[in-house]
2 protein chains.
Amino acid sequence: MPKLPILKWIKTYDTSKLGDDAIAAVIVTVMLIPQSLAYAMLAGLPPEVGLYASILPLFMYALFGSSMTLAVGPVAVISLMTAAAAGQVAIQGSAEYLGAVILLSLLSGVILVGLGFARAGFLANLLSHPVISGFISASAVLIAFSQLKHILGVPAYGHDMPSILYDLANHHTEINLPTLIIGVLSITFLLWIRGGLESLLMKTDVPPRLASTVARAGPVMAVFISTAIVSFFTLDQSGVSIVGVIPKGLPVPALPDLDLTIATELLPAAFLISIVGFVESVSVGQTLAARRRERIQPNQELIGLGAANIASGIGGGLPVTGGFSRSVVNFDAGARTPFAGVMTAVMVALTVLFLTPLFKFLPKAVLAATVIVAVLSLIDLKTIHRVWVFSKPDFLAMATTIVVVLGVGVEAGIIAGILVSVSFLLAKIAHPHFAVIGQIPGTQHFRNVNRYDVLESKKVLALRLDEMLYFLNGHTFEDTVNQLLNTNKNMTDLVLLCNGINEIDASGLEVLESINDRLNSQCIRFHLSEVKGPVMDRLNRVGFETHLTGQIFLSHYEAMCTLDPECERNGKAQSAGA
Amino acid sequence: MPKLPILKWIKTYDTSKLGDDAIAAVIVTVMLIPQSLAYAMLAGLPPEVGLYASILPLFMYALFGSSMTLAVGPVAVISLMTAAAAGQVAIQGSAEYLGAVILLSLLSGVILVGLGFARAGFLANLLSHPVISGFISASAVLIAFSQLKHILGVPAYGHDMPSILYDLANHHTEINLPTLIIGVLSITFLLWIRGGLESLLMKTDVPPRLASTVARAGPVMAVFISTAIVSFFTLDQSGVSIVGVIPKGLPVPALPDLDLTIATELLPAAFLISIVGFVESVSVGQTLAARRRERIQPNQELIGLGAANIASGIGGGLPVTGGFSRSVVNFDAGARTPFAGVMTAVMVALTVLFLTPLFKFLPKAVLAATVIVAVLSLIDLKTIHRVWVFSKPDFLAMATTIVVVLGVGVEAGIIAGILVSVSFLLAKIAHPHFAVIGQIPGTQHFRNVNRYDVLESKKVLALRLDEMLYFLNGHTFEDTVNQLLNTNKNMTDLVLLCNGINEIDASGLEVLESINDRLNSQCIRFHLSEVKGPVMDRLNRVGFETHLTGQIFLSHYEAMCTLDPECERNGKAQSAGA
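All values derive from a computational prediction rather than experimental measurement.

Undergrad: Requested: an account of the overall build of chain A, with residues and values cited.
TA: Along chain A, the regular secondary structure elements total 25 helices and eight strands. Projected onto its principal axes, the C-alpha coordinates of chain A cover approximately 95 × 60 × 50 Å. Within chain A, the proportion of its 578 residues that are buried is 53%. Considering only residue pairs separated by 6 or more positions, chain A has 81% of its internal contacts joining residues 24 or more positions apart.

In structure tokens form, the structure reads like this:
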């Protein structure tokens, strides 16, 4: 076990850092409070649950997390996944539903800590970049549409686009006009704050940091203005849904009753929530750490996030992770250490203790507007286009993820994405690239005869395989060699350049021996060149070289020169060359 | 679609080939008849079903198959899989059980033909050599133990070792002595025939081909001798189980009633039976074809085997494939074309028409002895040991297959084997080998600094990654580079030798760009060398080179010479070198 990360930074902590952290904490708190309320609503929970999830977890992450600037708390995608998972075992609004959510936090925490101690952070690598990107874009669309019900003031359930659209269409006659007006105005206001206000303020004499802070305070402003209006005009009497009375006081830490059946049912969802939360956290954590030449340790992050989620569950909150936008704000606001998070937690706790009556008349439409505007920035069309240009298999994995997230749901989407990307990877290995190679005149280098103007030996066929030689492609490779045998009748030797063969398994070994035997029966010697160290070690263990009709050469040039004197002449023709 | 394979060989067919084929057909028929009866019994079916499966399928394979010498019919492993699958939906001995078996033949045939037309033979590559080998060895043990009940004359069911052993132990007081004596004598006789008789005959004046034929006729001799003894002493009255009355006449081809529920239940098993049958067929087919410089076409084989299985189902038979031992015998006996199979089929049909009364008193213990002796040769301890020496991951995949086949069953075993081997493959890619490289003095070659005595540049760090750069390993590689950055403070350039990077996906591209940015922030240029053609094409599509702070070099030597003049001096030191 590495040392607790906190022991590294606490020693050099001073008032300068404290000042920086305090400023960042204020800015993040202003952002976090409306987000906590909104993401709790997105997860189908009472708003205070979001606030609870923004207190204890931040303390725990400060103790165990390795990123200096990650801002932990409820985030949109994880809240959506939480709603989908808890909705499978209980009805929104019931005590069982809240129990299921708390159980998800605990399970997810235990899974993350377990993966951390098992140093199994690499499992997150199963999620390719296109799959994550597609998953987040599609989730953002799903989240935005799921929040439309609060903007329109109609009921709508379901965690996939068809159900959401069906519910909205079914209730289109029940739209509540005051709610709609508040919702649309809030969205417009928040978009303007985000887009126009900051640059407007920048042009005036307002100091840049203040300008940026004001812009970030948009949601809080929307919250206070709309609460005041609803309260003054008693719009809740006209059908505007409000947050209502939030219980005062901090939750008493407690472990929920453990229902093993439900826990087992929730386990796969908890696992996916853990992995997605970890991937989101680590990617933002790494990006920010790199900017300051710091490093984060993925396995320590697992433990930090796991501790945060266990704390969230014990404190009655929903699953949390390091959020992208809040972490960037925390970083830009100058946070130096996780102590900024501790101060944020204290401020959220004070809010829960003293300020909750302020939120009674807060319209849900404003919270929904906050969510919608926040997630719109997660839709990443640029990456979708770039992946399309770069790689069609990657694009297909991404497109599958998007389609399944929207059509079926978040869990199915992420699983489909993993399956498609792993399948394409296996298919890639199963169809390896290979090339007949020849010598670039005047050099010791050999390249694909189809791509370069090279010299080929008349009696020595040289072949390069650009893939591990494994069970997936052994037979294909053997077929390839057999075909080449039929088209190259006069050869005396075949040299396989192995610099692209990174690994050989037992099936690959069988294939090499089978090729060796077949060539032998036709009086052709079989040689290998540039075999990589780990591969050579393995071949030596079964005495492969003693069966080989030819030799194993350190360099392909040496092999060709030994087998065909022409090669050495071609290699030295440099000075006299054309 | 390629031409029907039969059109290729029928044109040059002559009496010389006919003669060779006829001799092989006689030998194979003598071997096939007891095997057909025995494998039907192994599959839990009336003995005639095995004979039915040895008629129509052979005609169809002759029309559509691409191997000249493959002997199609019931085989041990497929019969065991058939019993396990049919046993899940019906009780042995019932009409539903036979219906399920026929459905399995048809489904398997349709699946094989479908895979053939989809050119999806590569799917069989999911079965690695160690998994197949472990599967066959474990199945052989399971088959041998499952046949013990016939030798002991006690009832025993189950398709896994624990149930078989439990049943045998439970009934150990009911052992039938005459049955046991017949069984043990048969096994002894068959082992002697196999081991001693042939070499004994070789030493006499008997022509070798006759000697080998006599040795192959062992099972038929056992069948006739034991039938005569049982019939003469009416041992069936003493509790010796006999084959009984076999219905006379050929089955009328018919399609069974299709029960969609049962068909759906049988589908996964049918798929596994198809894949295993295909793999067994193709591996023996390829081995034999190679000996005569012929080739088989895997996708045509799928169609040939599929047609054979559909025919087997229509003719009331069980799933078939190309058997290893019979094909080798067919080959060694001199078969030249699939017409040998047609003649075999005719002889089996004549047997069904006229000779079945002969089998009435045939004791089941003798058939069981035939199976046991046949499958003992499938247990391949040599390969198990060799895989252990060569590769621990391969061995683990093999061991898992063996343990699960024996402990749970054949289907679970093969699935476990595939999952473990794919997991190890993914884990291998996730933990790529990389090396810091240096120049071998006096050459243009660069090798791992930990393995070779090489020269390293003081300011240019050269790194080689021996793996595709993919979502599974991108983050790991980035971490590696970051660690190297911390330990090499004075470098001005980093060159990544890409001759082992066979492919880059979108996640890998992100990683390269992230490394480029990070190096740039530390004023280190990032170069690539020896990028493979297909990878370069892909990088060009997104204009990677324009973001790169360094260059992309055709050869690593060129890269090093450009960045550090020392390199060129070291490379030319050849003649003056030590």
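Undergrad: I'd like to hear about the interface of chain A and chain B, residue by residue, with values.
TA: Each partner contributes to the interface: chain A provides 50 residues, whereas chain B provides 50 residues. Its residues assigned to classes, the side of chain A that touches chain B comprises 17 nonpolar, 19 polar and 14 charged.

Undergrad: I'd love a proper account of the pairing of strand β7 (residues 525–529) of chain B, names of residues and values included.
TA: Residues and elements named next belong to chain B. A large share of β7 lies buried, amounting to four of its five residues. One ladder, built from five bridges, connects strand β6 (residues 493–497) with β7; its direction is parallel. Counterpart to valine 495 in the pairing with β7 is histidine 527. Pairing geometry for β7 and strand β8 (residues 552–553), over two bridges, is parallel. Within β8, the position partnered with serine 529 by the bridge is phenylalanine 553.

Undergrad: Residue-level account of the relation of the copies chain A and chain B, with values.
TA: The operation relating chain A to chain B is a screw motion whose rotation component is 180°, with 0.1 Å of axial translation and a residual RMSD of 0.1 Å. Read as a symmetry element, the transformation amounts to a two-fold axis. Closest to the rotation axis within chain A is the C-alpha of glycine 500 of chain A, separated from it by 2.2 Å. Most of the interface of chain A is mirrored in chain B, where 100% of its interface residues again form contacts.

Undergrad: How would you explain the packing of helix α7 (residues 129–152) of chain B against helix α19 (residues 410–430) of chain B if you had to name every residue and give the values?
TA: Residue and element names in this part refer to chain B. Following both chains from N to C, one finds α7 and α19 inclined at 160°, their axes separated by 10 Å at the closest point. Comparing their axes, α19 and α7 come out roughly antiparallel. Judged by the twist between their axes, the crossing of α7 over α19 is right-handed. Counting all contacts with α7, which are made through Val131, Gly134, Phe135, Ala138 and Ser139, the residues of α19 involved are Val410, Gly413, Ile414, Gly417, Ile418 and Ser421. Among the residues forming the contact of α7 with α19, the class breakdown is six nonpolar, five polar and no charged.

Undergrad: Outline the sheet that holds strand β8 (residues 552–553) of chain A, listing residues and values.
TA: The strand order across the open sheet formed by six strands is β4-β3-β5-β6-β7-β8 (chain A), and the pairing between neighbours is mixed. The sheet is open, and its two edges are formed by β4 (446–448) and β8 of chain A, each paired on a single side.

Undergrad: A description of the domain arrangement of chain A should follow, citing residues and the corresponding values.
TA: Domain parsing of chain A yields domain 1 (13–379) and domain 2 (432–572). Of note, the centres of domain 1 of chain A and domain 2 of chain A, computed from C-alpha atoms alone, are 57 Å apart.

Undergrad: A description of the environment of histidine 431 of chain B should follow, citing residues and the corresponding values.
TA: In this structure, histidine 431 of chain B sits in the loop between α19 and β3 (433–439). As for histidine 431 of chain B and glycine 474 of chain B, which are separated by 43 residues in sequence, their C-alpha atoms are 9.8 Å apart.

Undergrad: With reference to specific residues and values, describe the sheet that holds β7 of chain B.
TA: Residue and element names in this part refer to chain B. Spatially, the six strands line up as an open sheet ordered β4-β3-β5-β6-β7-β8, and their pairing is mixed. In the strand order of this sheet, the two ends are held by β4 (446–448) and β8, each with one partner. Packed on one face of the sheet, helix α24 (residues 556–563) meets β3, β4, β5 (460–466), β6, β7 and β8 and runs near 175° to β6.

Undergrad: I'd like to hear about the nonpolar core, residue by residue, with values.
TA: Membership of the largest hydrophobic core comes to 360 residues, with the highest contact counts inside it found for Leu104 of chain A together with Leu104 of chain B. Leucine 104 of chain B has contacts with Thr82, Ala85, Ala86, Leu266, Ala269, Ala270, Ile273 and Pro319 of chain B, leaving out every residue within four places of it along the chain.

Undergrad: Give me unusual backbone geometry: which residues, what numbers.
TA: All names here are of chain B. In this structure, threonine 234 takes a positive phi of about 40° despite not being glycine. Along the chain, the position of threonine 234 falls in the loop between α11 (218–232) and α12 (260–291). By the C-beta count within 10 Å, which is 10 here, threonine 234 ends up exposed. In the Ramachandran plot, glutamate 530 falls in the positive-phi region, its phi being about 50° despite a non-glycine side chain. The class for glutamate 530 is buried, based on 25 C-beta atoms found within 10 Å.

Undergrad: Give me the lowdown on the pairing of strand β5 (residues 460–466) of chain A, citing residues and values where you can.
TA: In summary, the side chains of a regular strand alternate between the two faces of the sheet. All names here are of chain A. Counting buried positions along β5 gives six out of seven residues, so the element sits mostly inside the fold. Sheet analysis places strand β3 (residues 433–439) next to β5, joined by four bridges and oriented antiparallel. Bridged to phenylalanine 434 within β5 is leucine 465. Taken together, the five bridges between β5 and strand β6 (residues 493–497) define a ladder with parallel strand orientation. Counted as the bridge partner of valine 460 is aspartate 493 from β6. Once you follow β5 into helix α20 (residues 474–487) and on to β6, the crossover reads as right-handed.

Undergrad: Hey, could you go over helix α16 (residues 364–376) of chain A for me, with residue numbers and the actual values?
TA: Residue and element names in this part refer to chain A. The terminal C-alpha atoms of α16, which comprises 13 residues, lie 18 Å apart, in line with the 18 Å expected from a rise of 1.5 Å per residue. Burial within α16 is extensive, with twelve of its 13 residues counted as buried. Those residues of α16 lying buried are Lys364, Ala365, Val366, Leu367, Ala368, Ala369, Thr370, Val371, Ile372, Val373, Ala374 and Val375. Residues of α16 that are buried sit in contact with α2 (15–42), α5 (76–87), α7 (129–152), α9 (177–203), α11 (218–232) and α14 (324–332).

Undergrad: Provide a residue-level description of helix α17 (residues 381–390) of chain A, including the pertinent values.
TA: Looking at α17 of chain A, one finds that the buried residues are Arg386, Val387 and Phe390 of chain A. Looking straight down α17 of chain A, one finds that the buried residues subtend no more than 100° of arc, so they occupy a single side. Opposite the buried face of α17 of chain A, at more than 90 degrees from it, the exposed residues are Leu381 and His385 of chain A. Contacts made by the buried residues of α17 of chain A are with α7 and α18 (392–407) of chain A together with α21 (506–521) and α22 (533–541) of chain B.

Undergrad: Hey, could you go over the packing of helix α12 (residues 260–291) of chain A against α14 of chain A for me, with residue numbers and the actual values?
TA: All names here are of chain A. Two elements in contact, α12 and α14, have axes whose closest approach is 10 Å; the angle formed by their N-to-C orientations is 20°. Judged by the angle between their axes, α12 and α14 are roughly parallel. By crossing handedness, the relation of α12 to α14 is classed as right-handed. Residues Glu280, Val284 and Leu288 of α12 touch α14, and the partners they reach there are Phe324, Ser327 and Phe331. By residue class, the composition of the contact of α12 with α14 is four nonpolar, one polar and one charged.

Undergrad: Describe the environment of leucine 485 of chain A, naming the residues involved and giving the relevant values.
TA: All names here are of chain A. Position of leucine 485 among the secondary structure elements: in helix α20. A tally of 19 C-beta atoms within 10 Å means that leucine 485 is categorised as partly exposed. In sequence terms leucine 485 and glycine 244 are 241 residues apart; their C-alpha atoms lie 80 Å from each other.

The rules behind each value
Residues numbered from 1 in each chain as written. Chains lettered and ligands numbered in written order. Predicted model: local features only at pLDDT ≥ 70, side-chain atom pairs only at ≥ 80, totals over all residues. Helix = DSSP H or I, 4+ residues; strand = E, 2+ residues; numbered from the N terminus. Buried ≥ 20, exposed ≤ 12 C-beta atoms within 10 Å, placed from the backbone. Contact = placed C-beta atoms within 7 Å. Nonpolar A, V, L, I, M, F, W, Y, C, P; charged D, E, K, R; others polar. Pairing = 2+ DSSP bridges. Least-squares fit on C-alpha atoms with pLDDT ≥ 70 in both. Axes fitted to C-alpha atoms, helices over the stretch in contact; angles between N-to-C directions. Parallel < 35°, antiparallel > 145°, perpendicular 65-115°, else oblique. Left-handed = near helix turned anticlockwise from the far one by under 90°. Domains from an automatic or database assignment. Core = buried A, V, L, I, M, F, W, Y, C linked by C-beta atoms within 7 Å. Right-handed = clockwise from strand over helix to strand, strands pointing away. Expected span 1.5 Å × (residues − 1). Arc of directions from axis to C-beta.

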